[in-house]
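The residues making up each chain are set out below.
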Amino acid sequence: KKEVSEKLTEAPIKDLKKAIGINDRYLYINELFRGDEAMYERSIKTVNNFSIYGEAEFWIRRELKLKLGWRDDEAMVKQFDQLVRRRFS
């Protein structure tokens, strides 16, 4: 059996911008986007506009992980990746 919290963290998301709470938004901007709110907003909008996960994953790898130095083993990066996966599930 799955816990309710597990089910909620796996539920599909229609809009990343709406799905990210104010606390997480602040953390993402400061931890992942080096305090650049405009870059965060553009990135969320770009990811939302992709039609399949593969496109989003490729773009994130090339434009965010590579350029901003995100490491896949960082908790915030894992959390962001999970949200993006849910957007396309």
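For the structure, see preceding data.
Residues numbered from 1 in each chain as written. Predicted model: local features only at pLDDT ≥ 70, side-chain atom pairs only at ≥ 80, totals over all residues. Heavy atoms only, no water.

**Q** Outline the packing of helix H3 (residues 22-32) against helix H6 (residues 75-87), listing residues and values.
**A** The geometry of H3 relative to H6 is characterised by a closest axis approach of 11 Å and an angle of 125° between their N-to-C directions. With respect to each other, H3 and H6 are oriented oblique. For the pair H3 and H6, the sense of crossing is left-handed. Judged by residue contacts, Asp24, Leu27, Tyr28, Glu31 and Leu32 of H3 engage Met76, Val77, Gln79, Phe80 and Leu83 from H6. (Axes fitted to C-alpha atoms, helices over the stretch in contact; angles between N-to-C directions. Helix = DSSP H or I, 4+ residues; strand = E, 2+ residues; numbered from the N terminus. Parallel < 35°, antiparallel > 145°, perpendicular 65-115°, else oblique. Left-handed = near helix turned anticlockwise from the far one by under 90°. Contact = heavy atoms within 4.5 Å.)

**Q** Kindly report on the pattern of salt bridges, identifying the contributing residues and their values.
**A** Following the criterion strictly, the structure yields ten salt bridges and no others. Residue Arg71 pairs with Glu74 through a salt bridge whose shortest N-O separation is 3.4 Å. Given a relative accessible area of 27%, Glu74 falls into the partly exposed group. (Salt bridge = Lys/Arg side-chain N within 4 Å of Asp/Glu carboxyl O. Buried < 20%, exposed > 50% of the residue type's maximum accessible area, 1.4 Å probe, protein only.)

**Q** How would you sum up the packing of aromatic side chains? Please name residues and give values.
**A** If you walk through the whole model with that rule in mind, you get seven aromatic pairs. Judged by centre distance (6.2 Å) and plane angle (70°), the ring pair of Phe33 and Phe80 falls under edge-to-face. Highlighted residues: Phe33 in the loop between H3 and helix H4 (37-49) and Phe80 in helix H6, separated in sequence by 47 residues. Residue Phe33 shares its accessibility class with Phe80, and that shared class is buried. Among the aromatic residues, those joined into a cluster by ring pairs are Tyr28, Phe33, Tyr40, Trp70 and Phe80. Between Arg87 and the ring centre of Phe88, over which it is positioned, the NZ or CZ distance is 4.9 Å. (Phe/Tyr/Trp six-rings, centres within 6.5 Å; stacked < 30°, edge-to-face > 60°. Lys NZ or Arg CZ within 6 Å of the ring centre and 35° of its normal.)

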